[in-house]
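These are the residues of each chain, in order.
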Amino acid sequence: MKLSRPVSWFLAAFGVWSWIVWVTFVKNLWKDTSGLAFHHGDHSSPTAYFWIHLTLAVVSTVFGTAIGVIGLRGLRGLRALRRRQPEVTEPQRQDPAPAGR
């Protein structure tokens, strides 16, 4: 299957976006002191909310990475395809055959 350049860039950007969003989310989840993520606001005993959201973040990051890798492979494939194609040049003019032969 051949991906177009815009689709490949979209998939690669999605992979990067996934890492930015979910790493930020996990950092904020870890810093939570409201009692949702950890009992009593300390880090001694995580709640079910913490484990569910950490699992969601890990799975989403793995999927985002896989999608980003597909996009990067699509871009590399397009670059390799462009290298293999011969350059288009103007056809060389040939002198007409001499008359009388």
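One can find the structure itself at the top, above this paragraph.
Residues numbered from 1 in each chain as written. Predicted model: local features only at pLDDT ≥ 70, side-chain atom pairs only at ≥ 80, totals over all residues. Heavy atoms only, no water.

A. Region of the structure containing the overall build of the chain. Broken down by element type, the chain carries 2 helices and 0 strands. Residues counted as buried form 23% of the 101 residues belonging to the chain. For the chain, the share of sequence-separated contacts (at least 6 apart) that also reach a separation of at least 24 residues comes to 60%. (Helix = DSSP H or I, 4+ residues; strand = E, 2+ residues; numbered from the N terminus. Buried < 20%, exposed > 50% of the residue type's maximum accessible area, 1.4 Å probe, protein only. Contact = heavy atoms within 4.5 Å.)

B. Main features of the side chain of threonine 61. You can see threonine 61 is positioned in helix α2 (residues 48-84). Accessibility expressed as a relative area gives 13% for threonine 61, which makes it buried. In this structure the side chain of threonine 61 is engaged in a polar contact, spanning 2.7 Å, whose partner is the backbone oxygen of alanine 57. Contact partners of threonine 61, with chain neighbours within four places excluded, come to Trp19 and Trp22. (Polar contact = N/O pair within 3.5 Å; in protein donor to acceptor, adjacent residues only side chain to side chain.)

C. Here's a closer look at the packing of aromatic side chains. Evaluated as defined, the whole model comprises 5 aromatic pairs. A centroid spacing of 5.5 Å and a plane angle of 75° characterise the contact between tryptophan 22 and phenylalanine 25, whose relative ring orientation is edge-to-face. Of the two residues, tryptophan 22 and phenylalanine 25 are both situated in helix α1 (residues 5-31); the distance of 3 residues between them amounts to about one turn of the helix. Given the relative accessible area of 27%, phenylalanine 25 is considered partly exposed. One aromatic cluster is present, formed by Trp30, Phe38, Phe50 and Trp51 through successive ring pairs. (Phe/Tyr/Trp six-rings, centres within 6.5 Å; stacked < 30°, edge-to-face > 60°.)

D. Focus on α2. Spanning 37 residues, α2 covers 54 Å between terminal C-alpha atoms, matching the ideal 54 Å at 1.5 Å per step. Buried residues of α2: Phe50, Ala57, Ser60, Thr61, Gly64, Gly68, Gly71, Gly74, Leu75 and Leu78, and no others. Of the surrounding elements, those touching the buried residues of α2 are α1. (Expected span 1.5 Å × (residues − 1).)

E. How the structure looks around α1. Under the 1.5 Å per step criterion, the end-to-end length of α1 is 39 Å for 27 residues, consistent within 8% with the ideal 39 Å. Packing partners of the buried residues in α1 comprise α2.

Geometric descriptors of this kind do not, in isolation, establish any biological role.
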